[in-house]
Amino acid sequence: MADRVALYLQDAHPLADAIEYVKYAELCGFEAVWQAESRLVRDAIVPMAAFAAVTSRIKIGSGVINNWTRNAAVIAATFLTLDDLAQDRIYCGVGAWWDPLAAKVGIERRKNLLAMREVVTVVRRLLNRERVSFDGEFVRMDDVELDVVHGRKEPRNVPIYIGATGPKMMALTGEIADGAVLNYLVSPKYNEMAMAQLEIGARKAGKSIEEVDRPQLVVCSVDNDRAAALDGARKLVTQYLGQQPHIMKASGVSQDLLDEINQVLTWPATEEQILEAMKLVPDDVVQMITASGRPDEVKAKVREYMDAGATCPILYPLGDDVRLMIDTFASGYSN
């Protein structure tokens, strides 16, 4: 494959079907699959293990777990275990989560940059098989190591990616992470800010932005019927613009439209509310922040994100024909 391409799976498909899609994506030359854990619906780790068990080449990432609900030592042990299952094929993607979800389950998110720095620092050291003592504000370790008695005792090759959206978290990512999982439902123009901030962080750590991998989530709705493809993406666009303020802020969508949507949606939104709010979202907004349409249109839109600095599209397939999307990108997105 001339271009790097990855698959993104959330909860839109039964897990048994997702496993088959991952196997097919591997057969078609996809580089990686990233499993979401954004809502209280599907844990990332269980599907990742399932994907690892039935594949031999494709890389498998968390896209993304959060840094609040799992202790840093547990994160490290979890990803060491996944690396036991699929050696050198695991990516640890971690993000700062979001409100109101975090608050509703009793998590008070504060000092997000410091919390992320501490978690990434300690997880990396543990996966490097170091004995760690760390006295941070959010992470405290007293002479802790991954206690491998049986199996491989060497440092593990598990790159750490941060799912960053805002400029400060993006700069931190450039400084401390192996890569950034750039968010979806933003326009390619958003990447200008992202690249500038990643460069600032990378320079702070004495490296180049080229040393920071930059895969990007892209909502992808492919159908030979253009109208059906747009309608396939509109529901997800509506949900995220109404319910995830960190993405909403970066989306490039007009504040007037966002205010209208928020007058209709509560959290969690009912199906009726979502259907009503969808009527407010025009085609041009769907096309601005997703890759939706016929196969040639979708490939052209993905190319825009790559031209704006992303290194690999992580394609989130909407609609029933996931294999059509995989087939569309089986030879990359440049032709």
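All of the points below concern the structure found in this document. Just so it is clear, the model here is predicted, and its values are computed rather than measured.

**Notes on the packing of helix α6 (residues 167–176) against helix α7 (residues 190–204)**
Alright, step 1. Where α6 meets α7, the closest approach of the two axes is 6 Å, and the angle between their N-to-C directions is 45 degrees. Here α6 lies oblique to α7, going by the angle between them. As α6 runs across α7, the sense of the crossing is right-handed. Seen from α6, the contacting residues are P167, M170, A171, T173, G174 and E175; seen from α7, they are Y190, M193, A194, Q197, L198, G201, A202 and K204.
Alright, step 2. Residue classes in the contact of α6 with α7 are distributed as eight nonpolar, four polar and two charged.

**Brief notes about helix α13 (residues 295–307)**
Alright, step 1. Counted at 1.5 Å a residue, the expected span for α13 with its 13 residues is 18 Å, and the 18 Å between its end C-alpha atoms agrees.
Alright, step 2. Residues of α13 that are buried: V298, K299, K301, V302, Y305 and M306. Buried residues of α13, seen end-on, are gathered within an arc of 160 degrees and therefore sit on one face of the element. Pointing more than 90 degrees away from the buried face of α13 are the exposed residues D296 and D307.
Alright, step 3. G309, located one to two residues past α13, shows a positive phi value of around 120 degrees.

**Details of the packing of helix α8 (residues 226–243) against helix α10 (residues 255–264)**
Alright, step 1. Where α8 contacts α10, the two axes come as close as 9 Å, and the packing angle between them is 90 degrees. Of the possible angle classes, the one that applies to α8 and α10 is roughly perpendicular. In contact with T238, L241 and G242 of α8, α10 contributes L258, I261 and N262.
Alright, step 2. Here the residues of the contact of α8 with α10 are counted per class, giving three nonpolar, three polar and no charged.

**Digging into the nonpolar core**
Alright, step 1. Ranked by internal contacts, the top residues of the largest apolar core, which has 79 residues, are L7, F30, F79, I162, M325, I326 and F329.
Alright, step 2. With near-sequence residues (within four places) excluded, M325 lies in contact with L7, F30, C220, V222, L315, Y316 and P317.
Alright, step 3. Among the nonpolar cores identified, the runner-up in size contains 37 residues, and A6, W34, A277 and C312 belong to it.

**Section: the side chain of D213**
Alright, step 1. Positionally, D213 belongs in the loop between α7 and β10 (215–222).
Alright, step 2. Residue class for D213 comes out buried when judged on its relative accessible area of 16%.
Alright, step 3. Of note is the side chain of D213, whose polar atom sits 2.7 Å from the side chain of Y161.
Alright, step 4. In this structure, D213 is in contact with R4, Y161, D178, G179, A180 and T311, ignoring residues within four places of it in sequence.

**Structural notes on the environment of G206**
Alright, step 1. Relative to the helices and strands, G206 is located in the loop between α7 and β10.
Alright, step 2. We classify G206 as exposed; its relative accessible area is 68%.

**Overview of the packing of aromatic side chains**
Alright, step 1. Throughout the structure, instances matching the rule amount to eight aromatic pairs.
Alright, step 2. Ring geometry for Y91 versus Y161: centroids 5.1 Å apart, planes at 50 degrees, classification tilted. Separated by 70 residues along the polypeptide, Y91 in strand β5 (residues 90–95) and Y161 in strand β8 (residues 160–163) bring together distant segments of the chain.
Alright, step 3. An angle of 80 degrees between the planes, with centres 5.2 Å apart, marks the rings of Y184 and Y240 as edge-to-face. Placement of the pair is Y184 in the loop between β9 (179–180) and α7 and Y240 in helix α8, with a sequence separation of 56 residues. Across the pair, exposure class does not vary: Y184 and Y240 are buried alike.
Alright, step 4. Here the aromatic residues Y8, Y184, Y240 and Y316 are joined through ring pairs into a cluster of three or more.
Alright, step 5. When the ring centre of Y24 is taken as reference, the NZ or CZ atom of R323 above it lies at 4.3 Å.

What counts, and where the lines are drawn
Note on numbering: residues in each chain are counted from 1, in written sequence order. Under the rules for a predicted model, residues below a pLDDT of 70 receive no local features and side-chain atom pairs below 80 are neither given nor counted, while totals for whole chains, interfaces and linings still include all residues. Neither water nor hydrogens contribute to the side-chain values; these are computed over all heavy atoms in the structure. A fitted line through C-alpha atoms serves as each axis, taken over the contacting stretch for helices, and the angle formed by two N-to-C directions is quoted from 0 to 180°. Runs of H or I in DSSP of at least four residues are treated as helices and runs of E of at least two as strands, each being numbered from the N terminus. Angles below 35 degrees are treated as roughly parallel, those above 145 as roughly antiparallel, those between 65 and 115 as roughly perpendicular, and all remaining angles as oblique. Crossing handedness: left-handed means the near helix sits turned counterclockwise from the far one by under a right angle, and right-handed means the same turn made clockwise. Any two residues having at least one pair of non-hydrogen atoms within 4.5 Å are treated as being in contact. When residue character is reported, Ala, Val, Leu, Ile, Met, Phe, Trp, Tyr, Cys and Pro are called nonpolar, Asp, Glu, Lys and Arg charged, and the others, Gly included, polar. Multiply 1.5 Å by the residue count of a helix minus one, and that product is the helix's expected span. Per-residue accessibility, obtained with a 1.4 Å probe over protein chains only, is compared with the maximum for each type, and a residue is labelled buried under 20%, exposed over 50%, and partly exposed between these values. Comment: arc refers to directions from the helix axis out to C-beta atoms. Joining through side-chain atoms within 4.5 Å is the link that ties buried Ala, Val, Leu, Ile, Met, Phe, Trp, Tyr and Cys residues into a set, and such a set is a nonpolar core. Polar contact is the term for a pair of N or O atoms within 3.5 Å; when the atoms are in protein, one must be able to donate a hydrogen and the other to accept it, and sequence-neighboring residues count only if both atoms are side-chain atoms. Here a Phe, Tyr or Trp ring, Trp counted by its six-membered ring, pairs with any other such ring whose centre lies within 6.5 Å, and the pair is stacked when the planes are under 30 degrees apart, edge-to-face when over 60, and tilted otherwise. Here, over-ring charges are defined by two tests on the NZ atom of lysine or the CZ atom of arginine: distance to the ring centre within 6 Å, and angle to the ring normal within 35 degrees.

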